[in-house]
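Commentary on secondary and tertiary structure
Listed here are the chains, written in short residue letters.
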Amino acid sequence: MEQRNQKIFAHLWIVLLSLCILLPLASPVKLTTLQYNVGGDVSIKGEKVVIKNFSYTGGAPDAFFYVGTSGSPADAGTIGTYVQYPAGQDRPLGAYSGQDLEFPLPSGVLGSDITWVSVWCRQYSVNFGQAMLVTDAGTGTNSEQEAEPESESGSESGSGAEIESESEPESGSGVGQVSWALVLSLVWASSYPA
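Summarised in this report is the structure supplied together with it.

Thresholds, definitions, all that
Residues numbered from 1 in each chain as written. Predicted model: local features only at pLDDT ≥ 70, side-chain atom pairs only at ≥ 80, totals over all residues. Heavy atoms only, no water. Helix = DSSP H or I, 4+ residues; strand = E, 2+ residues; numbered from the N terminus. Buried < 20%, exposed > 50% of the residue type's maximum accessible area, 1.4 Å probe, protein only. Core = buried A, V, L, I, M, F, W, Y, C linked by side-chain atoms within 4.5 Å. Salt bridge = Lys/Arg side-chain N within 4 Å of Asp/Glu carboxyl O. Phe/Tyr/Trp six-rings, centres within 6.5 Å; stacked < 30°, edge-to-face > 60°. Lys NZ or Arg CZ within 6 Å of the ring centre and 35° of its normal.

This brings us to the overall build of the protein. If you tally the helices and strands in the protein, you get three helices and 11 strands. For the protein, the succession of helices and strands along the chain, N to C, is α-β-β-β-β-β-α-β-β-β-β-β-β-α. The buried share of the protein, taken over its 194 residues, is 37%.

See the structure below:
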């Protein structure tokens, strides 16, 4: 019985240490470009959204940041939460080219609950780019898939230029890393002598 308790105690310590080491190392997630060259690396730090190297052409008339705690950015206008940027101002996003942005989440929205961030056009109900912060732990892929990027000819600009989508997969949030920590600790615990 004492060996079993030691095994359980050792297992819990491994899980705890794995979580402490891996959670702070969670990688930012790339904004997937759908239109208007939206890009950057998104992470949630406490109750703030941090976007490194943010880009957006500024070509849409009514684009804003939206965050979600469930569902898909394709429905940002109905299920998402509008975020003022800069804080306190209610004007559409302008053009950005590689700037680092940081803004607080609206009151009542917890950083730990955020599953996606989107650049959304309110006037035309169009998602220009998104970062899915939570992945399906079973497959390592996004639980919600978006449609292929559209050409801008179907949007407000009418330029007819095709926008390239990001070809590399989005990096994981802390969820996948926590899953690996649990798997590794279970493997280690099962190899511990009974």
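The structure having been displayed, the exposition proceeds.
As a further point, take the nonpolar core. What tends to happen in soluble globular proteins is that the nonpolar side chains get buried as a cluster. Ranked by size, the top nonpolar core spans 29 residues in total, and within it Ile51, Phe54, Tyr56, Phe65 and Phe128 carry the most contacts. Counting only elements with at least two residues in this core, the list comes to strand E4 (48-56), strand E5 (63-68), strand E7 (96-104), strand E8 (116-121) and strand E9 (126-132). Looking at this core element by element, the count peaks at four residues for E4. Core analysis: the second largest hydrophobic core is formed by six residues, Phe64, Trp116, Trp120 and Met132 among them.

The next point concerns the pattern of salt bridges. Per the counting criterion, the structure on display carries four salt bridges. Asp41 is the partner of Lys30 in a salt bridge, and the nearest nitrogen-oxygen pair spans 3.2 Å. One end of the pair, Lys30, is in strand E1 (residues 29-30); the other, Asp41, is in strand E3 (residues 39-45), with 11 residues separating them in the sequence. Between Asp90 and Arg122 there is a salt bridge; the shortest N-O distance is 3.7 Å. Highlighted residues: Asp90 in the loop between strand E6 (81-83) and E7 and Arg122 in the loop between E8 and E9, separated in sequence by 32 residues. It is possible to trace a salt-bridge network through shared partners that takes in Asp62, Asp90 and Arg122.

Cis geometry is found at the peptide bond from Tyr85 to Pro86, where omega equals -10 degrees. Residue position: Pro86 is located in the loop between E6 and E7.

What the rule picks out here adds up to 10 aromatic pairs. Three or more aromatic residues joined by ring pairs make a cluster, and in this case those are Phe54, Phe65, Tyr85, Tyr96 and Phe103. Lying across the ring of Phe64, Arg122 places its NZ or CZ 3.8 Å from the centre. Of note, Arg122 hangs over the ring of Tyr82, and the distance from its end group to the ring centre comes to 5.0 Å.

Turning our attention to the pairing of E5. The element E5 is largely enclosed, with a buried count of six among its six residues. Of the two faces of E5, both are covered, the one formed by Ala63, Phe65 and Val67 as well as the one formed by Phe64, Tyr66 and Gly68.

So yeah, pure geometry; function would need other evidence.
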